[in-house]
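For reference, the chains in residue letters:
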Amino acid sequence: MSVLNLSDVKKTDIELVGGKGANLGELLSHGFPIPPGFIIVSAAYQEIFDSLDVRQELAGVNELPPREQEEIAQRIRQEFQSVVVPQSLQEKIQAAHDEIQALQDKPVIYAVRSSATAEDSANASFAGQHDTYYYVNNDSLLRMVKKCWGSLWTDAAMSYRSSQGIEHTSVRMAVVIQEMIQSDISGVTFTANPLTGDKDEIVSESTWGMGAAIVDGRVSPDRFITRRGDMSLSHRSIADKKFMVPARLEQPDSPRLVEVPLELRQKESLTPDQLATVTAWAIKAENHFGSPQDIEWSFHNNNFYMLQSRPITAMGAKEEDTSIEGQYVLFKAMAENFTGPLYPLTADLFIRSLPMMEMINGRVYLNMKYLKPLFPFKISDQQIANLAYLSNDRTVELKIAWSKLPKFLLILIVNYLISEVLYRRISNLPDDFMDIYRKRVDDVVADPAISANEVLTRLIAGTRFFEPAGNMAILVNIISASRYPLFMGILTVLLRRWLPDLRQDAESMLCSGAEGVLSIDMGRKIWQLAKIARTNEKVSNIIRDESPDKVLSKLVELSEATEFVSGLEEFKKIHGHRTLREFELQSVRWDEDPSTVIGMIRNYLLVDSNPDANPDAMEEKFKENRLTLEKEVKLALDTLPFEKALHWRWHLIDYLRNKTRYFVKQRENSRFYHILSFYGVRKKILQMEDKLIAAGALKCKDDIFYLKWEELHKLDAGEYSWIDVEDIIRERRIEQIRLTKLVPPRTIGVDTDVSHDDTQVDDQEIDMLPGQGASPGVYVGTARVILDPAVDAEIKPGEILVAPYTDPAWTPLFLIAHAAVVEVGSYLSHAGTIAREYGMPCVVDVEDCTSRIKTGDRIRVNGTLGRVEFTQVEEPP
């Protein structure tokens, strides 16, 4: 029998129907919800393969050079495509189809799936190595069957067999043909955690549409971890699901990968009830097969279907890369801006312009061999690592190590001679002195002789020391980042010495109010756009009611929206190079897609009726509080000797706070400008992408970011073609998703023990999360967890922003929030800087706060002590 009904197959039939087919038949016969279908047995493949007469050509194929192996594999695949399927087999396939079609009231659409006799075993899964085809109708069934047979001879499948020691001709291919479930939601479930090996954790990943988007790494899925004992949810992370494989095609040539509607991108793809259903069936499959299982499944109209179950072939944490030698500490200045790994192209280009750095698993690390000479003290490597990570290490006692002092002094003198010249040049410049940098970026981008690889070098590493200071955005940033904590530190020491009873947030409040900070001005301009929209009911209704990604196309057709649209265009001219995760070259800029900005405007419109939602009023109120504090400080200082007559203490404090304000502004503004250089690189890359897609050397948008520069250069030069990079891109997509699930170690090659303030928690508190205080003060309110303002910017006045990280694109949310809690950050981070500017408490470095705190939780943010407390006690803010 060359064609079998799926219900007639058992798990012992692997040689007949392959691993996938055997498992599906076994599950169907035991009541699992498997879609109906039939299988073309492996003997049919063998008959065709024997007729091709290629066994002699395959003798010793593993010893041939890779290019010759690829040529042989390609010829075999072409032979399968041109072969004529025996008439008897065609008739049996048609009869099996007719049997399924008779039960349907509309034409059946199939999923055609490869099922090799060596796959889905406990030792080798062959996951993703053989082909699956969706949207297959009866007319194209035979063609897709032949494609599945040929997929046994892809480069990836041959390489995998070689690595597993499996003889090529010993494997045969059956083909599973099932009714395609038009999935609303798809996913995978592991009945043991494949990353850690923990058998008490059941890991489910889900996304919208068909499951192919997860399998081939096109999308980062939502992730849920369920504890086996009590079935409680121990971890939940909702991803930004940008793409999906649609359940239906409008036309046969419609794209197989489409964008997810904006309102669904960061919405949970699984309800609690659906997750419980998935988990229950996964456990049943594990119990049936007697080992941890990797399950593929889907929902259609809320009905659950199991699409596959196979043993988990690799379990446990990936072994540490022993090739990494030396000691490294995570570069927190980068990590606090976004927590995910950099894409391969970004990482490759980025590291070329960063001295003292190393790129490890997509994250930027500082090499400690360059840091140690900067610490002329008797401290351990562990303490240096803690300080380099900007942690609150209270164990450090700064005792001079005299043997280290000469080298340190030499470094200090050289650094002083270099930086002091630049410091003097930038110490008192107008707000717009860096505007010339924009023209420099435009000139570099417009020059066809300059490649994407050279843009960062020209704009950052290639800066000439004696050219205008406005062209040195990165150096201005470095100088400012070191100076403003120095001035603020001196100010703090003097204030606490002269006025020890002064309020805890006095220094932050006195130093706030800097004018000309571009990231703060960006938030104000978004607010001004909301005010313009509010003046016209049609405009405001479109912004409120439509999805942000559709708003602009509707507004440009509306005559009443002219003022708003022109205002938005002006905003983009200034701030269009900004975005979330703006150091990542793959991140779409606001100039390309302003949906994020429109979402923030929409939020301002939604909360407009609340008086606390007016940033103008909030800034004015904070300004009044600052002026009141100034008077209190002056009066208190007047009680000290000689102050009333000379006011020398106040003049010194005023000088120090103005210097602090100035360098806060320059630090923020210099970043604003040097991010322009990243947009310049992105523009060059997108030009290459368009050219390569048009030539067929790349197939999909964003695939370019999975290549490294040398590979991209060869592709552009014609030395590589699509066949050379297809597997590289696919493997790196999957690896990128794996890396996003891993928490990067703070250090490599050295242990750290980051200690937080462990003060006691009172009885009224349910729990306490330690962190670092980045802006002093205490506020009690309702938490609002926001993972990505691009798809979720709704925060109500008075709520507490809880975020995984922040960068300047988050600034508009600070205009409405009354406190902030951030997973990664430091006192010098953007979150701390902006929170101090607005006088709101902020705690950073709060581990897992976005999963441990839920929207609606009542929490107390203590920015003075650096802690977040769960509480149900109603307290005045």
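Rules of the game
Residues numbered from 1 in each chain as written. Predicted model: local features only at pLDDT ≥ 70, side-chain atom pairs only at ≥ 80, totals over all residues. Heavy atoms only, no water. Helix = DSSP H or I, 4+ residues; strand = E, 2+ residues; numbered from the N terminus. Rg over C-alpha atoms; globule rule 2.2 N^0.38 Å. Contact = heavy atoms within 4.5 Å. Buried < 20%, exposed > 50% of the residue type's maximum accessible area, 1.4 Å probe, protein only. Core = buried A, V, L, I, M, F, W, Y, C linked by side-chain atoms within 4.5 Å. Axes fitted to C-alpha atoms, helices over the stretch in contact; angles between N-to-C directions. Parallel < 35°, antiparallel > 145°, perpendicular 65-115°, else oblique. Nonpolar A, V, L, I, M, F, W, Y, C, P; charged D, E, K, R; others polar. Pairing = 2+ DSSP bridges. Patch = residues over 30% accessible without salt bridge, like charges linked within 9 Å, V, L, I, M, F, W, Y side chains within 5 Å. Areas by Shrake-Rupley, 256 points an atom, 1.4 Å probe, with all protein chains shown as cover. Salt bridge = Lys/Arg side-chain N within 4 Å of Asp/Glu carboxyl O. pLDDT = per-residue confidence, 0-100. Arc of directions from axis to C-beta. Disulfide = S-S within 2.5 Å. Polar contact = N/O pair within 3.5 Å; in protein donor to acceptor, adjacent residues only side chain to side chain. Phe/Tyr/Trp six-rings, centres within 6.5 Å; stacked < 30°, edge-to-face > 60°. Lys NZ or Arg CZ within 6 Å of the ring centre and 35° of its normal.

A word on the overall build of the chain. A count of helical and extended segments in the chain gives 32 helices and 25 strands. In summary, the chain has a C-alpha radius of gyration of 31 Å against a globular reference of 29 Å for 877 residues, a match within 12%. Projected onto the principal axes, the alpha-carbon positions of the chain cover approximately 110 × 60 × 55 Å. Considering only intrachain contacts with a sequence separation of at least 6, the fraction spanning at least 24 residues in the chain is 68%.

A word on the environment of W810. Secondary-structure assignment places W810 in the loop between β21 (800-803) and α30 (811-814). Here W810 falls in the buried class, since its relative accessible area comes to 0%. For the pair W810 and G523, spaced 287 residues apart in sequence, the C-alpha separation works out to 8.8 Å. Those residues within four positions of W810 in sequence are excluded, and the remaining contacts are L580, I786, L787, D788, P789, L801, A803, P804 and Y805.

Turning our eyes to something else, we now look at the nonpolar core. Residues I543, L555 and F814 are the most contacted members of the largest nonpolar core, which totals 151 residues. Tallying contributions element by element places helix α27 (residues 648-694) first for this core, with 16 residues. In this view, L555 contacts V539, I542, I543, A561, F564 and V565; residues no more than four positions away in its chain are not counted. If you look at the next biggest cluster of nonpolar residues, it comprises 39 residues, including I76, V83, V112 and V171.

Another point: the packing of helix α20 (residues 518-534) against helix α25 (residues 615-637). The contact between α20 and α25 brings their axes to 10 Å, and the two run at 135 degrees. The orientation of α20 relative to α25 falls into the category oblique. For the pair formed by α20 and α25, the contact residues are R524, W527, Q528 and K531 on the first element and P615, D616 and E619 on the second. Class assignment for the residues of the contact of α20 with α25 results in 2 nonpolar, 1 polar and 4 charged.

Right, let's talk about the pairing of strand β20 (residues 778-785) for a bit. Burial analysis of β20 places 6 of its 8 residues in the buried class, the great majority of the element. Bridging between β20 and β21 involves 3 bridges; their strand directions are parallel. Paired with R784 across the bridge in β21 is L801.

A few words now on a nonpolar patch on the surface. A contiguous nonpolar patch, built from L409, L412, I413, Y416 and L417 and spanning about 490 Å² of accessible area, is present on the exposed surface. Along the chain, the position of L417 falls in helix α15 (residues 405-426).

Glancing now at the environment of H168. Secondary-structure assignment places H168 in the loop between α7 (155-164) and β5 (173-179). Owing to a relative accessible area of 3%, H168 belongs among the buried residues under this scheme. Considered as a pair, H168 and A157 are 11 residues apart in the sequence and their alpha carbons are 9.4 Å apart. H168 has contacts with V61, N62, W153, M158, R161 and S162, leaving out every residue within four places of it along the chain.

Moving on to the sheet that holds strand β15 (residues 357-360). As summarised here, the arrangement of the 4 strands in space is β15-β16-β14-β17, forming an open sheet in which the pairing is antiparallel. In this open sheet, the two edge strands, each paired with only one partner strand, are β15 and β17 (747-748). Here 4 bridges tie β15 to strand β16 (residues 363-367), and the two strands are oriented antiparallel to one another. In the sheet register, E358 faces β16, and the bridge partner there is Y365. Most of the contacts of helix α12 (residues 344-351) go to β15, to which it runs at about 165 degrees, and overall it touches β15 and β16.

Attention shifts here to the packing of α12 against helix α28 (residues 709-717). The N-to-C vectors of α12 and α28 enclose an angle of 110 degrees; their axes lie 9 Å apart at closest approach. Of the possible angle classes, the one that applies to α12 and α28 is roughly perpendicular. Contacts between α12 and α28 involve L345, D348 and L349 from the first element and W709, E710 and L712 from the second.

Tallying each qualifying case throughout the model produces 38 salt bridges. We note a salt bridge from R172 to E15, for which the minimum N-O separation is 3.5 Å. Here R172 is found in the loop between α7 and β5, whereas its partner E15 is found in helix α1 (residues 14-29), with 157 residues between them in sequence. For E799, the salt bridge goes to R784, with nearest N and O atoms at 2.9 Å. In this pair, E799 is assigned in the loop between β20 and β21 and R784 in strand β20, connecting sequence segments 15 residues apart.

If you trace the 6 strands from one edge of the open sheet to the other, you get β9-β8-β7-β6-β12-β13, paired in antiparallel fashion. The open sheet is flanked by β9 (233-237) and β13 (303-311), the only strands paired with a single partner. The sheet shows a mean angle of 15 degrees between the axes of neighbouring strands, direction not considered. Across 6 bridges, strand β6 (residues 185-190) lies against strand β12 (residues 293-300) in antiparallel orientation. Within the sheet, the bridge partner assigned to S186 lies in β12 and is S298. Of the strands in this sheet, β6, β7 (201-208), β8 (222-227), β9, β12 and β13 touch helix α10 (residues 272-289), which is tilted by about 140 degrees from β12.

A word on the pairing of β9. Taken together, the 4 bridges between β8 and β9 define a ladder with antiparallel strand orientation. Following the sheet pairing, F224 is matched in β9 by R236. The turn linking β8 back onto β9 is made up of 5 residues, and M231 within it adopts a positive phi angle of 60 degrees.

In this section: the confidence of the model for the chain. Taken over all residues, the pLDDT of the chain has a mean of 85, while the share at 70 or more is 92%. Predicted confidence is poor over residues 120-128, with pLDDT under 50, and the contacts of this stretch with residues over four places away or in other chains come to 31 contacts.

This brings us to helix α16 (residues 436-446). Buried residues of α16: Y437, R440, V441, V444 and V445, and no others. The buried residues of α16 occupy an angular sector of 130 degrees when projected down its axis, which confines them to one face. Facing away from the buried surface of α16 by more than 90 degrees, the exposed residues are K439 and A446.

What follows covers the state of the cysteines. Following the criterion strictly, the structure yields 0 disulfides and no others. With no disulfide of its own, C148 has C700 as its nearest cysteine by sulfur position, at a separation of 20 Å. Left without a disulfide partner, C842 is nearest to the cysteine sulfur of C849, which lies 10 Å away.

Let us now look at α12. Summarising burial for α12: 7 of the 8 residues are buried, a large majority. Within α12, the full set of buried residues consists of P344, L345, T346, A347, D348, L349 and F350.

For the rest of this paragraph, the subject is the environment of T189. Looking at the element boundaries, T189 is found in strand β6. Measuring from C-alpha to C-alpha, the distance between T189 and D294 comes to 5.9 Å, with 105 residues separating the pair along the chain. When sequence neighbours within four positions are dropped, the list of residues in contact with T189 reads I202, V203, S204, V278, A282, Q293, D294, I295 and W297. A distance of 2.9 Å separates polar atoms of two side chains, one belonging to T189 and the other to S204.

Phi is positive for F642, close to 65 degrees, though the residue is something other than glycine. F642 gets classed as exposed once you look at its relative accessible area, which sits at 65%. The backbone of D845 shows a phi angle near 60 degrees, a positive value even though the residue is not glycine. Along the polypeptide, D845 turns up in the loop between β23 (842-844) and α32 (849-852).

Our focus in this paragraph is the packing of aromatic side chains. With the rule as written, the count across this model stands at 23 aromatic pairs. Three or more aromatic residues link up through ring pairs in this structure, and these residues are F32, W281, W297, F299 and F304. The cationic tip of K284 hangs over the ring face of W281; the distance from NZ or CZ to the ring centre is 4.2 Å. Between K683 and the ring centre of Y679, over which it is positioned, the NZ or CZ distance is 4.6 Å.

Turning to the side chain of S670, a few remarks are in order. With respect to the helices and strands, S670 occurs in helix α27. S670 sits in the buried class, given a relative accessible area of 0%. With residues up to four places along the chain from it excluded, the contact list for S670 reads M434, A473, V476 and N477.

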